[in-house]
Amino acid sequence: HEGAHVRARRGQYTEAAYHLWQAEQFESAVDIWYDNQVIEIEQGKAGAAYAIFNESNAPKLAEPVARRLKVIQDRLSLMHGDAASVLEGIDSYTWHLDERITAEAMEQWGRAHIIRGDSDGALSDFENAISVLGELSTQIVLLHRKRGQLHLEQATMDLAERETRLAQFEIEWLRALIELFQGQFLQAQDHLKSARQIAEAVSDAKRVAKSDQFLAMAAGNHGDYDRARQYAQAAMSYFERTGDRLSLENLRAEVAGLYLNEGRFVEAIEPLETSLRFFENIKHDLRIAYLNSNLAEAYFETGELEYAENYALRAIQSENPRVQPYACYTLGQVRYLQNRAADAEHIFQTGLHAAQQSRDDFIAAYLHRAYGRVLC
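Below is a summary of the structure that appears in this document. (Residues numbered from 1 in each chain as written. Predicted model: local features only at pLDDT ≥ 70, side-chain atom pairs only at ≥ 80, totals over all residues. Heavy atoms only, no water.)

**Here we look at the packing of aromatic side chains**
- For the coordinates displayed, the defined rule picks out 12 aromatic pairs.
- Considering the side-chain rings of tryptophan 21 and phenylalanine 26, the 4.9 Å spacing of their centres and the 80° angle between planes classify their relative orientation as edge-to-face.
- Tryptophan 21 sits in the buried class, given a relative accessible area of 2%.
- Judged by its relative accessible area of 8%, phenylalanine 26 is buried.
- Ring centres of tryptophan 21 and phenylalanine 53 lie 5.4 Å apart, and the angle between their planes is 85°; on these two criteria the pair is classed as edge-to-face. With tryptophan 21 in helix H2 (residues 13-22) and phenylalanine 53 in helix H5 (residues 46-53), this pair connects stretches of sequence that are 32 residues apart.
- For phenylalanine 53, a relative accessible area of 0% puts it in the buried group. (Phe/Tyr/Trp six-rings, centres within 6.5 Å; stacked < 30°, edge-to-face > 60°. Buried < 20%, exposed > 50% of the residue type's maximum accessible area, 1.4 Å probe, protein only. Helix = DSSP H or I, 4+ residues; strand = E, 2+ residues; numbered from the N terminus.)

**Observations regarding the nonpolar core**
- Within the largest apolar cluster, 84 residues are counted, with the highest numbers of intra-cluster contacts made by Trp21, Val30, Trp33, Phe53 and Leu76.
- Not counting chain neighbours up to four residues away, the residues in contact with valine 30 comprise Trp21, Phe53, Leu61, Val65, Arg68, Leu69 and Ile72.
- Residues Ala344, Ala355, Ile363 and Ala370 belong to the second largest nonpolar core, which totals 11 residues. (Core = buried A, V, L, I, M, F, W, Y, C linked by side-chain atoms within 4.5 Å. Contact = heavy atoms within 4.5 Å.)

**Concerning the packing of H5 against helix H6 (residues 63-79)**
- Remark: H5 packs on H6, axes separated minimally by 10 Å, with the N-to-C direction vectors making an angle of 130°. For the element pair H5 / H6, the angle class is oblique. At the point where H5 passes H6, the crossing takes the left-handed sense. Contacts between H5 and H6 involve Ala46, Ala49, Tyr50 and Phe53 from the former and Leu69, Ile72, Gln73, Leu76, Ser77 and Met79 from the latter.
- For the contact of H5 with H6, the per-class residue count stands at eight nonpolar, two polar and no charged. (Axes fitted to C-alpha atoms, helices over the stretch in contact; angles between N-to-C directions. Parallel < 35°, antiparallel > 145°, perpendicular 65-115°, else oblique. Left-handed = near helix turned anticlockwise from the far one by under 90°. Nonpolar A, V, L, I, M, F, W, Y, C, P; charged D, E, K, R; others polar.)

**Focus: the pattern of salt bridges**
- What the rule picks out here adds up to 21 salt bridges.
- Measuring nitrogen to oxygen at the nearest pair gives 2.5 Å for the salt bridge that ties aspartate 204 to arginine 207.
- Given a relative accessible area of 11%, aspartate 204 falls into the buried group.
- With its nearest N and O atoms 3.2 Å apart, the salt bridge here joins aspartate 224 to arginine 227. (Salt bridge = Lys/Arg side-chain N within 4 Å of Asp/Glu carboxyl O.)

**Side note on the environment of proline 271**
- Tracing the sequence through the fold places proline 271 in helix H14 (residues 265-281).
- When the C-alpha atoms of proline 271 and glutamate 254 are compared, they prove to be 9.5 Å apart, with 17 residues separating the residues in sequence.
- For proline 271, the residues in contact, after removing those within four places along its chain, are Arg252 and Ala256.

So yeah, pure geometry; function would need other evidence.
What follows is the structure, encoded as structure tokens:
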């Protein structure tokens, strides 16, 4: 117990939590790490915290602390790609719809459902989280303003300025998300750049990385691949340093997708294979399907028809409706080069039907072109 206080005074919160846990001060261990988790994760201590809080010797905790522990465990489990434990026992807690911790929990459930291939469950969780955050977002900005006013009254101008800037960050971030969802990628980049500047000004590494991650996606969707890779690399460095393997591999897969769009197929293969091994290990069905489809395209374009066929068939067998037309696009071309024109025609028709069902005009255009060439 004394060791925990020594560690805490030095800002070593994971070490302090470990000592508190060993001293059977379970609630204090949970509270100190929950309140400082962003700092500790940024310092690469997620693995140590995972070992501490996934022990099974904790007694029954009071409800508020038990919920905090569950959110901690889920966050660390997701960073390790463990979705199953996130969805266990969630009905054992009371989740109030006016608390931020509820939105945190729902967001984690949604991510877990994605890994498990349950898109409907993920959508429901994310919508519920958005609903909770919608109620809280105004409160967040107001609280930043109130804290800023208090700092002004105490003549701590630097802290008042920080609260003002964090409120501005939240506004720019929400504007960027709206623009992204509407496909307005240039406008989204403007808001994300503003948000990033604010995060840099207040030395908030997590918010900087968060901005970089979405700037990479926005720039890539707009076709600015060089800039997208720069942003992605900056975010990936942060995820690697903090031990967030799931976010790291998700972004690595996105970067590989940029190589595909650029026609740099040889360069796409290695990062795609690396991410695929990770997501196969954690059984992330949705990502596995997309990666198989992307690998099929990359190998086809490099002339490796056997590999292309293998990965395309894996993607089709996933039965994911968003992936089907992309896998059919590649497999249809493979079948044609194998002198199986009738099979190619059937596969292109299947792909076009899947594209129509998912309302994906982008891949439908490519399917029409490839199918037309076969018919000619």
